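# Breakdown of the fold
Listed below, chain by chain, are the residues.
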Amino acid sequence: MPVITERADIAAFVAAGQGDFSFMVKAFAEPEFARPVADWIRTPVVPYLKNYGEDGGIDDGAALFIARLDDRLAGHMAVSRNWNGYALIGTIGVDRSMRGQGIGSALIEQAIAWTKVENLPGLMLETQNNNLAACALYEKHGFRLGGIDRCLYRGLDPQSNEIALFWYREV
């Protein structure tokens, strides 16, 4: 059965956000501009489960979407107009038990379509250097690394090895 993405109200978006959005961290990568994610140098760590939660990324006026697979809620995404004229994917998540079935790709394709309808030049999002599966997904869909912030997460944890990665895609 195909993945179905659809516009959602806040209640459906929140319901879709009740899944397990955690991921296994096995390494931190050293991001490099114009180099494929698969070629980034990795520093292995003792594997641990990471979950950023899904409480952010819903701007006023955001377009909310949910994804279903076999009539089950599988993921959600919030897209809005960013201050710089790009569309911003503020939240995107796929339930851990349903990954690898095209749900993330379907949500990204929905974001691209929304960006075109809104007549915006492109879209952007932020992730981290420990979520390499997400980085590879964004790269697969034509995003390119446009910015790196090594200090963003240090306010939360001065010892953090997390690097904020800003991805962009023109439409």
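As shown above, the structure is provided for reference.
These remarks concern the structure in this document.

Calculation criteria
Residues numbered from 1 in each chain as written. Predicted model: local features only at pLDDT ≥ 70, side-chain atom pairs only at ≥ 80, totals over all residues. Heavy atoms only, no water. Helix = DSSP H or I, 4+ residues; strand = E, 2+ residues; numbered from the N terminus. Buried < 20%, exposed > 50% of the residue type's maximum accessible area, 1.4 Å probe, protein only. Areas by Shrake-Rupley, 256 points an atom, 1.4 Å probe, with all protein chains shown as cover. Lys, Arg positive; Asp, Glu negative; His and termini not counted. Charge placed at Lys NZ, Arg CZ, Asp CG, Glu CD. Pairing = 2+ DSSP bridges. Axes fitted to C-alpha atoms, helices over the stretch in contact; angles between N-to-C directions. Contact = heavy atoms within 4.5 Å. Expected span 1.5 Å × (residues − 1). Core = buried A, V, L, I, M, F, W, Y, C linked by side-chain atoms within 4.5 Å.

### Concerning the overall build of the protein chain
- Scanning the protein chain from N- to C-terminus turns up three helices and nine strands.
- Secondary structure elements of the protein chain occur, N-terminal to C-terminal, as β-α-β-β-β-β-β-α-β-α-β-β.
- In the protein chain, buried positions account for 44% of the 171 residues.
- Accessible area for the protein chain stands at about 8,900 Å²; split by element, carbon and sulfur atoms hold 53% of it.
- Charged side chains of the protein chain number 16 positive and 21 negative; the gap between the two group centres comes to 5 Å.

### So, the sheet that holds strand β4 (residues 63-69)
- Ordered in space as β1-β4-β5-β6-β7-β9-β8, the seven strands form an open sheet in which the pairing is mixed. The open sheet has two edge strands with one neighbour each: β1 (4-7) and β8 (144-149). Here the average twist between neighbouring strands, direction ignored, is 25°.
- Docked against the sheet, helix α3 (residues 132-140) engages β6 (87-94), β7 (122-128) and β9 (164-170), running at close to 165° with respect to β7.

### Re the side chain of S105
- Tracing the chain through its elements places S105 in helix α2 (residues 103-117).
- Apart from residues no more than four positions distant in its own chain, S105 is found in contact with L137, K140 and H141.

### Examining the pairing of β9
- Counting buried positions along β9 gives five out of seven residues, so the element sits mostly inside the fold.
- In this structure, β7 lies alongside β9, joined through seven bridges in antiparallel fashion. Bridge pairing in β9 places L123 opposite R169.
- Sheet topology note: the β8/β9 ladder contains five bridges and is antiparallel. Paired with I148 across the strands is L165, a residue of β9.

### Side note on α2
- With 15 residues, α2 extends 21 Å from end C-alpha to end C-alpha; this agrees with the ideal 21 Å at 1.5 Å per step.
- Three or more residues of α2 are buried, namely I103, G104, S105, A106, L107, I108, A111, I112, W114 and T115.
- Looking at the residues trailing α2, positive phi occurs at N119, about 60°.

### Comments concerning the nonpolar core
- Residues W40, V79, I89, I103, F143 and W167 are the most contacted members of the largest nonpolar core, which totals 32 residues.
- Of all the elements in the fold, those that place two or more residues in this core are β4, β5 (72-81), β6, α2, β7, α3 and β9.
- In terms of residues, this core owes the most to one element, α2, which gives six residues.
- Ignoring any residue separated from it by four or fewer positions in sequence, one finds I103 in contact with V3, A67, L69, A74, V94 and M98.

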